[in-house]
Amino acid sequence: MNRHLVAVCACLLLFAGCSHEQQHPPLFQLLPPGRTGVTFTNTITTNDSVNVQTDPYVYNGAGVAVGDIDNDGLPDLFFTGNMVSSRLYLNKGDMRFEDITERAGVKTDRWATGATMVDINNDGYPDIYVSVSGSEGSKGQDRANLLFINNGDHTFTEAAARYGIADTGFTTHAVFLDYNGDGYLDLFLLNNSPKDFARGAADTHPLGVRSNSPGGYSKLYRNNGDGTFTDVSRQAGILEQVGYGLGVVVADVNGDGWPDIYVSKQPRWDVHRPGRRLAQAYEFRWNGRRYRRF
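Because the structure is predicted, anything quoted here is derived from the model rather than measured.

> I tried to follow the nonpolar core on my own but got confused; where do I start?
For soluble globular proteins, the rule of thumb is that nonpolar side chains tend to be buried together. Ranked by internal contacts, the top residues of the largest apolar core, which has 17 residues, are Phe-78, Leu-88, Ile-128, Val-130 and Phe-156. Counting residues per element, the ones that place at least two in this core are strand 3 (87-93), strand 5 (111-118), strand 6 (127-133) and strand 7 (146-150). With sequence-adjacent residues up to four places away left out, Leu-88 is seen in contact with Ile-69, Leu-77, Phe-78, Glu-98, Asp-99, Ile-100, Thr-101, Ala-104, Val-106, Ile-128 and Phe-156. Listed in part, the 15 residues of the second largest apolar core include Ile-120, Leu-147, Ala-159 and Phe-176.

Written out as structure tokens, the structure is:
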């Protein structure tokens, strides 16, 4: 009888300990738009001419960048929109934000995908680089990437063409890195063209095949140090191949002191071995002269 009583007491103590642990507050708390003021919604409106059949990437989504645009110590938010305008939210403190898109001059009317904040002109204020894509039938001029230069007064001036980085490919995202160690931030563009979407030859090799669409080539732009950039993709070893890129990060993967580029991609299926997926990621590794793809 005593044994049963001891066992019951032990179980009660165990349950009490578990319930006590469960009372710890969660690490994160979901705040509603009415509390934060962040009401952005990347609404996709499909119809007979705009849908997943006419554009396989229509639901790939958009992007967000976080940075302190006015150096007040509070991180601000920039959201890109596909069929709606991008929005810029100024952090007012206490997790409350104000939409300043219109007066800041960062409203967009293109299929904006990724967003990157970077102080591209070294004036102490983060600028905003916006990646742009589009459907297979979209025009290059409508896919030109955008660069909003921070004027330091909560307004921005678009200047991508002046800097030479108004790339008209199908850009998913962009990262800035000093690939050659000259002290200037260079630009890598991750492109993914719907024109290259296929379930044929591109599936048969993990590195893909030569793209039929230059808009699908990923690009590397060298910062010339004078407010302009030059496309050095071919010289640097960025291959002209189908990439199907979805995400990109920069890190010194092999610890040699040079920044490498790691790309995630949409999975491709091996038509020769049903059920087997091919490589879902690849790396551009810098050796001091060129990038090699692994």
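> Would you mind showing me how to read the sheet that holds strand 12 (residues 229-231) here?
Strand pairing in a sheet relies on backbone hydrogen bonds. The paired strands run either parallel or antiparallel. Pairing is antiparallel in the open sheet, where four strands are placed in the order 9-10-11-12. Taken across any chain shown, the strands that pair with only one partner, and hence form the sheet edges, are strand 9 (171-177) and strand 12. Strand-to-strand twist across the sheet, computed as the mean angle between neighbouring axes with direction ignored, equals 25 degrees.

> Help me out: how do you make sense of the sheet that holds strand 1 (residues 64-67) in this one?
Read across the open sheet, the four strands follow the order 1-2-3-4; overall the sheet is antiparallel. Both outer strands of the open sheet, strand 1 and strand 4 (96-99), are each paired with one neighbouring strand and no more. Between one strand and the next, the sheet's axes are offset by a mean angle of 25 degrees, whatever the strand orientation. With four bridges joining them, strand 3 and strand 4 adopt antiparallel strand pairing. For Leu-90, the partnering residue across the bridge sits in strand 4 and is Glu-98.

> I'm lost on the pairing of strand 6 in this one. Help?
Side-chain positions along a regular strand alternate between the two faces of the sheet. The buried count for strand 6 comes to seven of seven residues, which makes it a mostly enclosed element. Neither face of strand 6 is exposed, since Asp-127, Tyr-129, Ser-131 and Ser-133 on one face and Ile-128, Val-130 and Val-132 on the opposite face are all buried. Relative to strand 6, strand 5 runs antiparallel, the two sharing six bridges. Residue pairing for strand 6: Ala-112 is matched across the bridge by Val-132.

> What is the right way to look at the side chain of Ser-86 in this model?
Tracing the chain through its elements places Ser-86 in the loop between strand 2 (76-79) and strand 3. With relative accessibility at 0%, the residue Ser-86 sits in the buried group. Separated by 3.3 Å, the side chain of Ser-86 and the backbone nitrogen of Gly-81 make a polar contact. With sequence-adjacent residues up to four places away left out, Ser-86 is seen in contact with Phe-78, Phe-79, Thr-80, Gly-81, Thr-101, Val-106, Thr-108 and Ala-112.

> Can you help me understand the environment of Asn-91 in this one?
Relative to the helices and strands, Asn-91 resides in strand 3. Its relative accessible area of 7% is what places Asn-91 among the buried residues. Each C-alpha atom, one on Asn-91 and one on Pro-75, is 6.3 Å from the other, the two residues being 16 residues apart in sequence. Discounting chain neighbours no more than four positions away, the residues touching Asn-91 are Asp-72, Leu-74, Pro-75, Asp-76, Arg-96 and Phe-97. Within polar-contact distance, the side chain of Asn-91 engages the backbone nitrogen of Gly-93 at 2.8 Å.

> Would you take a moment to explain the pattern of salt bridges for this structure?
One side chain can pair with another of opposite charge once the charged atoms of both are near each other. Tallied over the full model, the rule gives seven salt bridges. Measuring nitrogen to oxygen at the nearest pair gives 3.6 Å for the salt bridge that ties Arg-35 to Asp-94. Taken together, the residues span a long stretch of sequence, with Arg-35 in helix 2 (residues 33-36) and Asp-94 in the loop between strand 3 and strand 4 at a distance of 59 residues. Looking at Arg-35, the relative accessible area reads 25%, which means it is partly exposed. Where Glu-98 meets Arg-103, a salt bridge forms, and the shortest distance between an N and an O atom there is 3.1 Å. Taking the relative accessible area as the measure of exposure, Glu-98 reaches 28% and is therefore partly exposed. Salt bridges sharing partners connect three or more residues here, namely Arg-35, Asp-94 and Arg-96.

> Explanation requested: the packing of aromatic side chains in the structure shown.
In this description, a pair of aromatic rings is defined by centroid distance and the angle of the planes. The final tally for this structure, using the stated rule, is three aromatic pairs. Between Phe-79 and Tyr-89, the ring centres sit 5.9 Å apart and the planes meet at 85 degrees, which makes this aromatic pair edge-to-face. One end of the pair, Phe-79, is in strand 2; the other, Tyr-89, is in strand 3, with ten residues separating them in the sequence. With 5.9 Å between their ring centres and 90 degrees between their planes, Tyr-129 and Phe-176 make a pair best called edge-to-face. Residue Tyr-129 is located in strand 6, and its partner Phe-176 is located in strand 9; the two are separated by 47 residues in the primary sequence. Judged by its relative accessible area of 0%, Tyr-129 is buried. Judged by relative accessible area, Phe-176 falls into the buried class, the value being 15%.

Procedures and definitions
- Residues numbered from 1 in each chain as written.
- Predicted model: local features only at pLDDT ≥ 70, side-chain atom pairs only at ≥ 80, totals over all residues.
- Heavy atoms only, no water.
- Core = buried A, V, L, I, M, F, W, Y, C linked by side-chain atoms within 4.5 Å.
- Buried < 20%, exposed > 50% of the residue type's maximum accessible area, 1.4 Å probe, protein only.
- Helix = DSSP H or I, 4+ residues; strand = E, 2+ residues; numbered from the N terminus.
- Contact = heavy atoms within 4.5 Å.
- Pairing = 2+ DSSP bridges.
- Axes fitted to C-alpha atoms, helices over the stretch in contact; angles between N-to-C directions.
- Polar contact = N/O pair within 3.5 Å; in protein donor to acceptor, adjacent residues only side chain to side chain.
- Salt bridge = Lys/Arg side-chain N within 4 Å of Asp/Glu carboxyl O.
- Phe/Tyr/Trp six-rings, centres within 6.5 Å; stacked < 30°, edge-to-face > 60°.

It is worth stressing that arrangement in space is one thing and function is another; only the former is reported here.
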